[in-house]
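# Architecture at a glance
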Amino acid sequence: EILILCELAGVRKEQITVTFDENYLIIRGERNETIIPSEAIYHNLEIFYGPFERVIGLPRDIEIENAQAGLKQGFLLIRLTKGNSKRRVKREIRID
């Protein structure tokens, strides 16, 4: 089993897509600036806003049909199982 854990605080699951394409897992999304009130004055901000994308190379023996993804308390957990699948199709993974 392969586990991928991503910190995505402030991002709703509707703002995230997880796609498997060839031997790559692609995580895309966007974090909006609506978390901080517009009248707030801050000294330092360590939260990045806007669109993001992460591409993760995977081994060839992934059973993408069994992939699972869930978003809980700001963390996206993706579970992939190893197998001997030879099919390499582009597929979106649903986030629960």
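Residues numbered from 1 in each chain as written. Predicted model: local features only at pLDDT ≥ 70, side-chain atom pairs only at ≥ 80, totals over all residues. Heavy atoms only, no water.

Attention now goes to the pairing of strand 5 (residues 62–72). Bridge analysis of strand 5 against strand 6 (residues 75–82) gives 7 bridges, and the strand direction is antiparallel. Within the sheet, the bridge partner assigned to G70 lies in strand 6 and is L77. Where strand 5 hands over to strand 6, the hairpin turn is made up of 2 residues, of which Q73 adopts a positive phi near 50°. (Pairing = 2+ DSSP bridges. Helix = DSSP H or I, 4+ residues; strand = E, 2+ residues; numbered from the N terminus.)

Turning our eyes to something else, we now look at the sheet that holds strand 1 (residues 2–7). Here 3 strands make up an open sheet; going across it, the order is 1-6-5 and the pairing antiparallel. The strands lining the two open edges of the sheet, one partner per strand, are strand 1 and strand 5. The sheet shows a mean angle of 15° between the axes of neighbouring strands, direction not considered. (Axes fitted to C-alpha atoms, helices over the stretch in contact; angles between N-to-C directions.)

The 4 strands lie next to each other as 4-3-2-7, forming an open sheet whose pairing is antiparallel. Of all the strands in the sheet, the pair left with one neighbour each is strand 4 (50–57) and strand 7 (91–93). Adjacent strand axes in the sheet meet at a mean angle of 25° when their direction is disregarded. Note: strand 2 (residues 16–21) against strand 3 (residues 24–31), 6 bridges, orientation antiparallel. The residue of strand 3 that forms the bridge with D21 is Y24.

With that out of the way, let us pick up the nonpolar core. Core analysis: the biggest nonpolar cluster contains 21 residues, and I4, I16, V18, I27, L76, I78 and L80 have the highest contact counts within it. Of all the secondary-structure elements, those providing two or more residues to this core are strand 1, strand 2, strand 3, strand 5 and strand 6. Considering every element that reaches this core, the biggest residue donor is strand 5, with 4 residues. Setting aside residues no more than four positions away along its own chain, L76 makes contact with I4, L5, C6, L8, I16, V18, I27, A69, G70, L71 and I95. (Core = buried A, V, L, I, M, F, W, Y, C linked by side-chain atoms within 4.5 Å. Buried < 20%, exposed > 50% of the residue type's maximum accessible area, 1.4 Å probe, protein only. Contact = heavy atoms within 4.5 Å.)

Take the side chain of Q15 next. Examined against the element boundaries, Q15 turns out to sit in the loop between strand 1 and strand 2. At 2.8 Å, the side chain of Q15 forms a polar contact with the backbone nitrogen of R12. Within the structure, the side chain of Q15 is placed 3.2 Å from the backbone oxygen of E30, a separation counted as a polar contact. Discounting residues that sit within four places of it in the chain, Q15 has contacts with G10, R28, G29, E30 and N32. (Polar contact = N/O pair within 3.5 Å; in protein donor to acceptor, adjacent residues only side chain to side chain.)

Here the focus is unusual backbone geometry. A positive phi angle is found at E22, which is not glycine, with a value near 60°. For E22, a relative accessible area of 41% puts it in the partly exposed group. Even without being glycine, Q73 reaches a positive phi, approximately 50°. One can find Q73 in the loop between strand 5 and strand 6.

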